[in-house]
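Report on the structure
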Amino acid sequence: CTEGKKVVWASNTNGKNELVFQGDKQWYQRRVRGVLAERRKVVEAKDKEDAVLREKIRRKEGQSLAEMREKIQADEMKKIAEDRKRQKMLDQQARNEVPDKIKQDKANRAAKNNSTPAPAPVVQADPAPAAAPKDYDECRLQLRLPTGQPIINAFKADETLGDVVAFIGTNLAM
């Protein structure tokens, strides 16, 4: 069975030397399969390392994103707190100014009352200011005749009721 075949030493994938016949097809197939399996293992190991590295990067990015969100929320909370504090301070200032304003008004009134003789008692009027009386010098009258027809005329304030009756009499005769 070994006639015409040359015997050689060759190393297999495990690093062991074995005696094989050159041209032995089965040995060649084992050797190729071994080399391919070794390469697959190297590629799989590299893929695992890459996957671990990608996962680390993804986690780090997720953490940085979460930290940014927390920082933004913290900044917003600080702004809200500062706005509330500023509003409280403004409200307190307004409350503190009211008694001072009242004291100043009392002092102004007292000074005004002392400079004028015998002030009249202050009477609270209606909240609506009284309108200045208007000077009306004309009156418009609308009369309805028995037929349902209206008669409209403007009369001066110094005209008498007799003038109105005379106007009606002239319009009824028409």
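Residues numbered from 1 in each chain as written. Predicted model: local features only at pLDDT ≥ 70, side-chain atom pairs only at ≥ 80, totals over all residues. Heavy atoms only, no water.

A look at the overall build of the protein chain
Helix and strand counts for the protein chain stand at two helices and four strands. Secondary structure elements of the protein chain occur, N-terminal to C-terminal, as β-β-α-β-β-α. Out of the 174 residues in the protein chain, the part that is buried amounts to 5%. For the protein chain, the share of sequence-separated contacts (at least 6 apart) that also reach a separation of at least 24 residues comes to 4%. (Helix = DSSP H or I, 4+ residues; strand = E, 2+ residues; numbered from the N terminus. Buried < 20%, exposed > 50% of the residue type's maximum accessible area, 1.4 Å probe, protein only. Contact = heavy atoms within 4.5 Å.)

Digging into the pattern of salt bridges
By the definition in use, this model includes three salt bridges. The closest approach of N and O atoms between R58 and E55, which form a salt bridge, is 2.5 Å. In this pair, R58 and E55 both sit in helix 1 (residues 25-115), three residues apart, roughly one turn of the helix. Salt-bridge contacts for R59 lead to E55; the nearest nitrogen and oxygen are separated by 3.2 Å. Taken together, the positions of R59 and E55, both in helix 1 and four residues apart, correspond to about one turn of that helix. Looking at R59, the relative accessible area reads 53%, which means it is exposed. Ionic contacts of the salt-bridge type, sharing partners, join the residues E55, R58 and R59 into one network. (Salt bridge = Lys/Arg side-chain N within 4 Å of Asp/Glu carboxyl O.)

With respect to the pairing of strand 4 (residues 150-156)
Where strand 3 (residues 138-144) and strand 4 come together, seven bridges link them in antiparallel fashion. Following the sheet pairing, E138 is matched in strand 4 by K156. Between strand 3 and strand 4, which pair antiparallel and follow one another directly, the connecting turn spans five residues, one of which, G148, has a positive phi of 100 degrees. (Pairing = 2+ DSSP bridges.)

Observations concerning the confidence of the model for the protein chain
Reading predicted coordinates in detail is not appropriate for stretches of low pLDDT. Per-residue confidence for the protein chain averages 82 on the pLDDT scale, and 77% of its residues sit at or above 70. Within the protein chain, no element has a lower average pLDDT than strand 1 (residues 7-11), which sits at 56, and none a higher one than helix 1, at 91. (pLDDT = per-residue confidence, 0-100.)

Re the packing of aromatic side chains
Evaluation of the coordinates by the stated rule reveals one aromatic pair. Between F155 and F167, the aromatic rings sit 5.6 Å apart at their centres with planes inclined by 85 degrees, giving edge-to-face as the arrangement. On the criterion of sequence distance, the pair formed by F155 in strand 4 and F167 in helix 2 (residues 161-173) is long-range, its members being 12 residues apart. Judged by relative accessible area, F155 falls into the buried class, the value being 6%. (Phe/Tyr/Trp six-rings, centres within 6.5 Å; stacked < 30°, edge-to-face > 60°.)

Quick look at a nonpolar patch on the surface
A cluster of nonpolar side chains, Y28, V32 and L36, forms an exposed patch at the surface whose accessible area comes to about 270 Å². Its place among the elements puts Y28 in helix 1. Residue Y28 is classed as exposed on the basis of its relative accessible area of 52%. (Patch = residues over 30% accessible without salt bridge, like charges linked within 9 Å, V, L, I, M, F, W, Y side chains within 5 Å. Areas by Shrake-Rupley, 256 points an atom, 1.4 Å probe, with all protein chains shown as cover.)

Observations concerning the environment of V164
Tracing the chain through its elements places V164 in helix 2. In the structure, V164 is positioned 10 residues away from A154 in sequence and 9.7 Å away in space, judged by C-alpha atoms. If we skip the residues at most four places from it in the chain, V164 touches L141 and F155.

A look at a negative patch on the surface
Residues D135, D137, E138, D158, E159 and D163 make up a contiguous surface patch of negative charge. Counting through the fold element by element, D135 comes out in the loop between helix 1 and strand 3. Classification of D135 as exposed rests on a relative accessible area of 74%. (Lys, Arg positive; Asp, Glu negative; His and termini not counted. Charge placed at Lys NZ, Arg CZ, Asp CG, Glu CD.)

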